[in-house]
Amino acid sequence: MSESPQSHDAEKMASLKTLTGIVYLCQVLAFGFGGLTLLIGIAINFMKRNEVQGTWLESHFNWQINTVWITLAGFAIAALLMFTGIGYFILLPVVLLLIYRIVIGWVAWTAEKPVKQIIQ
């Protein structure tokens, strides 16, 4: 007895949805693990990116990847300017933006909608 194509597709989507949630969890855990889990999450995004093309999860992968690049750029700028004291003022908005992007993504993910439908 073989699986129908629809059940295989449904299982694949369920697996990719779970994986997307794991990446959001990696982003949350970055607060406790010094950002290391951000890199784990983005590695997952790049490895599985082709599999989510054309689905509502594609927007989440793009959102998650952009979240990491924005966060890393913000942390790098803050680190470079830390000796002037300005870095501290950059660090707070970067952390708040990271939290915002995780929450928005998570809300859209749990609603099974593309991210843009939540932020409009």
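All of these numbers come straight from a predicted model, not from anything done at the bench.

Novice: When you look at helix H2 (residues 36-52) in this model, what are you seeing that I'm missing?
Specialist: Along an α-helix, residues three or four positions apart point the same way, because every turn accommodates 3.6 residues. The terminal C-alpha atoms of H2 lie 24 Å apart, and with 17 residues this matches the ideal 24 Å at 1.5 Å per residue to within 8%. At Phe46, H2 shows its largest kink, close to 40 degrees. Backbone geometry just after H2 places Gly54 at a positive phi near 85 degrees.

Novice: Mind showing me how you'd approach the side chain of Thr71 here?
Specialist: Examined against the element boundaries, Thr71 turns out to sit in helix H3 (residues 57-80). Among the polar contacts listed, one links the side chain of Thr71 to the backbone oxygen of Thr67, at a separation of 2.7 Å. Setting aside its immediate chain neighbours within four residues, Thr71 contacts Leu38, Val94 and Leu98.

Novice: Help me understand the packing of H3 against helix H4 (residues 86-110) in this model?
Specialist: Packed helix pairs are specified by the crossing angle of their axes together with the interaxial distance, meaning the distance between the axes. At a closest axis distance of 9 Å, the pairing of H3 and H4 adopts a crossing angle of 170 degrees. As summarised for this structure, H3 and H4 are arranged roughly antiparallel, according to the angle between their axes. Along the contact surface, H3 presents Leu57, His60, Trp63, Asn66, Thr67, Ile70, Thr71, Gly74, Phe75, Ile77 and Ala78, while H4 presents Gly87, Ile90, Leu91, Val94, Val95, Leu97, Leu98, Arg101, Ile104, Gly105, Ala108 and Trp109. Class assignment of the residues belonging to the contact of H3 with H4 gives a composition of 15 nonpolar, 7 polar and 1 charged.

Novice: Looking at this model, I keep getting lost on unusual backbone geometry. Mind explaining?
Specialist: In terms of backbone geometry, most residues other than glycine have negative phi values and most peptide bonds are trans. In this structure, Glu112 is a non-glycine residue whose phi angle is positive, near 55 degrees. When you line up the elements, Glu112 lands in the loop between H4 and helix H5 (115-119).

What counts and what doesn't
- Residues numbered from 1 in each chain as written.
- Predicted model: local features only at pLDDT ≥ 70, side-chain atom pairs only at ≥ 80, totals over all residues.
- Heavy atoms only, no water.
- Helix = DSSP H or I, 4+ residues; strand = E, 2+ residues; numbered from the N terminus.
- Expected span 1.5 Å × (residues − 1).
- Bend = angle between axes of the 7 residues up to and from the residue.
- Polar contact = N/O pair within 3.5 Å; in protein donor to acceptor, adjacent residues only side chain to side chain.
- Contact = heavy atoms within 4.5 Å.
- Axes fitted to C-alpha atoms, helices over the stretch in contact; angles between N-to-C directions.
- Parallel < 35°, antiparallel > 145°, perpendicular 65-115°, else oblique.
- Nonpolar A, V, L, I, M, F, W, Y, C, P; charged D, E, K, R; others polar.

The values are spatial; any link to function lies outside them.
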